[in-house]
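Now for the letters of each chain:
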Amino acid sequence: MKKAVKTDLFASKAPLEWAIIANGQLSTAQIPIDTEGKVVEGGIEAQARQTMDNFKHTIEAAELTMADVTQVLIYVTDRDQLPVFNKVYAEYFEAPYPNRAAMVVAGLAREEMLCEIVAYAAVPKSA
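So, how was this worked out
Residues numbered from 1 in each chain as written. Predicted model: local features only at pLDDT ≥ 70, side-chain atom pairs only at ≥ 80, totals over all residues. Heavy atoms only, no water. Helix = DSSP H or I, 4+ residues; strand = E, 2+ residues; numbered from the N terminus. Buried < 20%, exposed > 50% of the residue type's maximum accessible area, 1.4 Å probe, protein only. Contact = heavy atoms within 4.5 Å. Areas by Shrake-Rupley, 256 points an atom, 1.4 Å probe, with all protein chains shown as cover. Lys, Arg positive; Asp, Glu negative; His and termini not counted. Charge placed at Lys NZ, Arg CZ, Asp CG, Glu CD. Core = buried A, V, L, I, M, F, W, Y, C linked by side-chain atoms within 4.5 Å. Phe/Tyr/Trp six-rings, centres within 6.5 Å; stacked < 30°, edge-to-face > 60°. Pairing = 2+ DSSP bridges. Expected span 1.5 Å × (residues − 1). Arc of directions from axis to C-beta.

S.K.: What exactly am I supposed to notice about the overall build of the protein here?
M.R.: Counting secondary structure elements, the protein contains two helices and six strands. Reading the protein from its N end, one meets helices and strands in the order β-β-β-α-β-α-β-β. Along the first, second and third principal axes, the C-alpha atoms of the protein reach 40 × 35 × 20 Å. Within the span of the protein, comprising 127 residues, buried residues form 39% of the whole. Considering only contacts within the protein whose residues lie at least 6 apart along the sequence, 69% involve residues at least 24 apart. Working note: accessible area of the protein is about 7400 Å², and carbon and sulfur atoms make up 51% of it. Of the charged side chains in the protein, 12 are positive and 17 negative; the average position of the first set lies 5 Å away from that of the second.

So this is what it looks like as C-alpha coordinates:
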(Lines give C-alpha, C1' and ligand atoms only; values in the text may rest on other atoms or scores of the structure.)
Protein backbone atom coordinates (compact mmCIF):
# COMPACT_ATOMS: atom_id res chain seq x y z
CA MET A 1 0.00 0.00 0.00
CA LYS A 2 1.38 3.41 -0.88
CA LYS A 3 1.10 6.59 1.14
CA ALA A 4 1.66 10.16 -0.07
CA VAL A 5 4.00 12.37 1.94
CA LYS A 6 2.38 15.67 2.89
CA THR A 7 4.72 18.59 2.15
CA ASP A 8 4.52 22.38 1.98
CA LEU A 9 5.81 22.36 -1.60
CA PHE A 10 3.85 23.94 -4.43
CA ALA A 11 0.73 21.89 -5.16
CA SER A 12 1.21 20.89 -8.78
CA LYS A 13 -1.76 20.67 -11.12
CA ALA A 14 -0.07 17.64 -12.71
CA PRO A 15 -1.20 14.20 -11.50
CA LEU A 16 1.68 13.61 -9.10
CA GLU A 17 2.75 13.47 -5.47
CA TRP A 18 6.09 14.98 -4.40
CA ALA A 19 6.87 11.76 -2.56
CA ILE A 20 5.38 8.33 -1.98
CA ILE A 21 6.21 5.77 0.69
CA ALA A 22 5.68 2.13 -0.19
CA ASN A 23 7.39 -1.15 0.70
CA GLY A 24 9.76 0.50 3.18
CA GLN A 25 11.03 3.05 0.67
CA LEU A 26 10.41 6.72 -0.05
CA SER A 27 10.45 7.71 -3.73
CA THR A 28 10.62 11.33 -4.80
CA ALA A 29 11.49 13.61 -7.70
CA GLN A 30 12.40 17.25 -7.08
CA ILE A 31 12.75 20.28 -9.32
CA PRO A 32 13.97 23.86 -8.77
CA ILE A 33 10.62 25.55 -8.11
CA ASP A 34 9.67 28.03 -5.43
CA THR A 35 6.52 28.14 -3.30
CA GLU A 36 4.59 29.69 -6.21
CA GLY A 37 5.60 26.92 -8.60
CA LYS A 38 8.02 29.10 -10.56
CA VAL A 39 11.45 27.87 -11.62
CA VAL A 40 14.00 29.91 -9.70
CA GLU A 41 16.33 32.22 -11.59
CA GLY A 42 20.05 32.59 -11.02
CA GLY A 43 21.55 29.73 -13.00
CA ILE A 44 22.57 26.23 -11.99
CA GLU A 45 23.76 27.07 -8.48
CA ALA A 46 20.45 28.70 -7.52
CA GLN A 47 18.48 25.89 -9.15
CA ALA A 48 20.59 23.17 -7.54
CA ARG A 49 20.11 24.77 -4.12
CA GLN A 50 16.33 25.11 -4.58
CA THR A 51 16.09 21.50 -5.76
CA MET A 52 18.10 20.26 -2.78
CA ASP A 53 16.14 22.48 -0.35
CA ASN A 54 12.88 21.04 -1.74
CA PHE A 55 14.35 17.55 -1.41
CA LYS A 56 15.47 18.08 2.20
CA HIS A 57 12.05 19.53 3.06
CA THR A 58 10.38 16.44 1.59
CA ILE A 59 12.67 14.05 3.46
CA GLU A 60 11.95 15.87 6.72
CA ALA A 61 8.20 15.97 5.99
CA ALA A 62 8.38 12.18 5.83
CA GLU A 63 10.05 12.21 9.28
CA LEU A 64 13.31 10.95 7.80
CA THR A 65 16.80 12.44 7.61
CA MET A 66 19.22 12.90 4.75
CA ALA A 67 21.16 9.95 6.24
CA ASP A 68 18.21 7.73 5.21
CA VAL A 69 18.69 8.58 1.52
CA THR A 70 19.99 5.54 -0.37
CA GLN A 71 20.16 6.70 -3.99
CA VAL A 72 20.03 9.96 -5.95
CA LEU A 73 19.75 10.33 -9.72
CA ILE A 74 20.85 13.77 -10.90
CA TYR A 75 19.80 15.25 -14.23
CA VAL A 76 21.44 18.39 -15.64
CA THR A 77 21.16 19.96 -19.08
CA ASP A 78 24.90 20.64 -19.56
CA ARG A 79 28.02 18.74 -18.48
CA ASP A 80 29.57 22.00 -17.19
CA GLN A 81 26.77 22.20 -14.61
CA LEU A 82 27.84 19.00 -12.81
CA PRO A 83 30.71 20.50 -10.76
CA VAL A 84 28.41 23.28 -9.54
CA PHE A 85 25.62 20.82 -8.71
CA ASN A 86 28.15 18.59 -6.91
CA LYS A 87 29.33 21.51 -4.77
CA VAL A 88 25.78 22.27 -3.62
CA TYR A 89 24.87 18.57 -3.27
CA ALA A 90 27.86 17.97 -0.96
CA GLU A 91 26.44 20.49 1.54
CA TYR A 92 23.43 18.22 2.17
CA PHE A 93 25.11 14.88 2.88
CA GLU A 94 27.77 13.28 5.06
CA ALA A 95 29.56 9.97 4.56
CA PRO A 96 28.47 7.33 3.92
CA TYR A 97 26.95 9.07 0.90
CA PRO A 98 23.98 7.76 -1.06
CA ASN A 99 24.63 5.82 -4.22
CA ARG A 100 24.13 8.14 -7.17
CA ALA A 101 24.25 8.63 -10.90
CA ALA A 102 24.43 11.82 -12.92
CA MET A 103 22.98 12.23 -16.39
CA VAL A 104 23.35 15.02 -18.92
CA VAL A 105 20.06 15.34 -20.80
CA ALA A 106 18.88 17.39 -23.77
CA GLY A 107 16.12 19.01 -21.73
CA LEU A 108 13.71 18.72 -18.83
CA ALA A 109 9.94 19.17 -18.48
CA ARG A 110 10.17 22.94 -18.22
CA GLU A 111 12.48 24.65 -20.69
CA GLU A 112 14.03 26.91 -18.04
CA MET A 113 14.91 24.01 -15.73
CA LEU A 114 18.62 23.15 -15.59
CA CYS A 115 18.41 20.27 -13.10
CA GLU A 116 16.17 17.68 -11.52
CA ILE A 117 16.70 14.81 -9.11
CA VAL A 118 15.03 11.48 -8.46
CA ALA A 119 15.80 9.93 -5.09
CA TYR A 120 15.03 7.03 -2.81
CA ALA A 121 15.29 6.71 0.97
CA ALA A 122 14.93 3.81 3.38
CA VAL A 123 11.93 4.09 5.68
CA PRO A 124 12.17 2.36 9.07
CA LYS A 125 9.44 -0.18 9.75
CA SER A 126 7.96 2.02 12.49
CA ALA A 127 7.26 4.88 10.01
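S.K.: Please clarify how the nonpolar core should be interpreted in this entry.
M.R.: As a rule of thumb, nonpolar side chains are buried together in soluble globular proteins. Grouped together as the largest cluster of nonpolar side chains are 27 residues, with contacts concentrated most on Leu26, Met52, Phe55, Phe85 and Phe93. Excluding its chain neighbours within four sequence positions, the residues that come into contact with phenylalanine 93 are Met52, Phe55, Met66, Val69, Val72 and Pro98. One finds Leu9, Val39, Leu108 and Met113 within the second-largest nonpolar core, a separate group that totals seven residues.

S.K.: Can you help me understand the packing of aromatic side chains in this one?
M.R.: Aromatic rings considered in pairs are described by the distance between their centres and by the relative angle of their planes. Considering all chains together, one arrives at three aromatic pairs under this definition. For the ring pair phenylalanine 85 and tyrosine 89, a centre distance of 6.4 Å and an interplane angle of 35 degrees mean the geometry is tilted. Taken together, the positions of phenylalanine 85 and tyrosine 89, both in helix H2 (residues 82–90) and four residues apart, correspond to about one turn of that helix. For phenylalanine 85, a relative accessible area of 1% gives the class buried. Overall, the relative accessible area of 5% leaves tyrosine 89 in the buried class.

S.K.: Where do I start with the sheet that holds strand E6 (residues 115–122) in this structure?
M.R.: Sheet strands associate in pairs through backbone hydrogen bonding, adopting either a parallel or an antiparallel arrangement. Taken together, six strands build an open sheet; the order of strands is E1-E2-E3-E6-E4-E5 and the sheet is mixed. Each edge of the open sheet carries a strand with a single partner, namely strand E1 (3–4) and strand E5 (99–104). Direction of pairing for strand E3 (residues 25–30) relative to E6: antiparallel, over a ladder of six bridges. Within the sheet, the bridge partner assigned to glutamine 30 lies in E6 and is isoleucine 117.

S.K.: What is the right way to read the environment of serine 12 from this model?
M.R.: By the element assignment, serine 12 lies in the loop between E1 and strand E2 (19–22). Considering only alpha carbons, one finds serine 12 and histidine 57, 45 residues apart in sequence, at a separation of 16 Å.

S.K.: Whenever I open this one, helix H1 (residues 43–61) confuses me. Can you help?
M.R.: An α-helical segment advances 3.6 residues per turn. Residues three or four places apart therefore align on the same side. The terminal C-alpha atoms of H1, which comprises 19 residues, lie 27 Å apart, in line with the 27 Å expected from a rise of 1.5 Å per residue. Listing the buried residues of H1 in full gives Ile44, Gln47, Ala48, Thr51, Met52, Asn54, Phe55, Thr58 and Ile59. End-on view of H1: buried residues confined to an arc of 155 degrees, all on one side of the axis. Residues of H1 that are buried make contact with E2, E3, strand E4 (69–76), H2 and E6.

S.K.: How should H2 be read in this particular structure?
M.R.: Here H2 has its buried residues at Leu82, Phe85, Val88 and Tyr89. An end-on view of H2 places all buried positions within 125 degrees of arc, on one side of the element. Packing partners of the buried residues in H2 comprise H1, E4, E5 and E6.

Bear in mind that shape data such as this cannot, by itself, settle questions of function.
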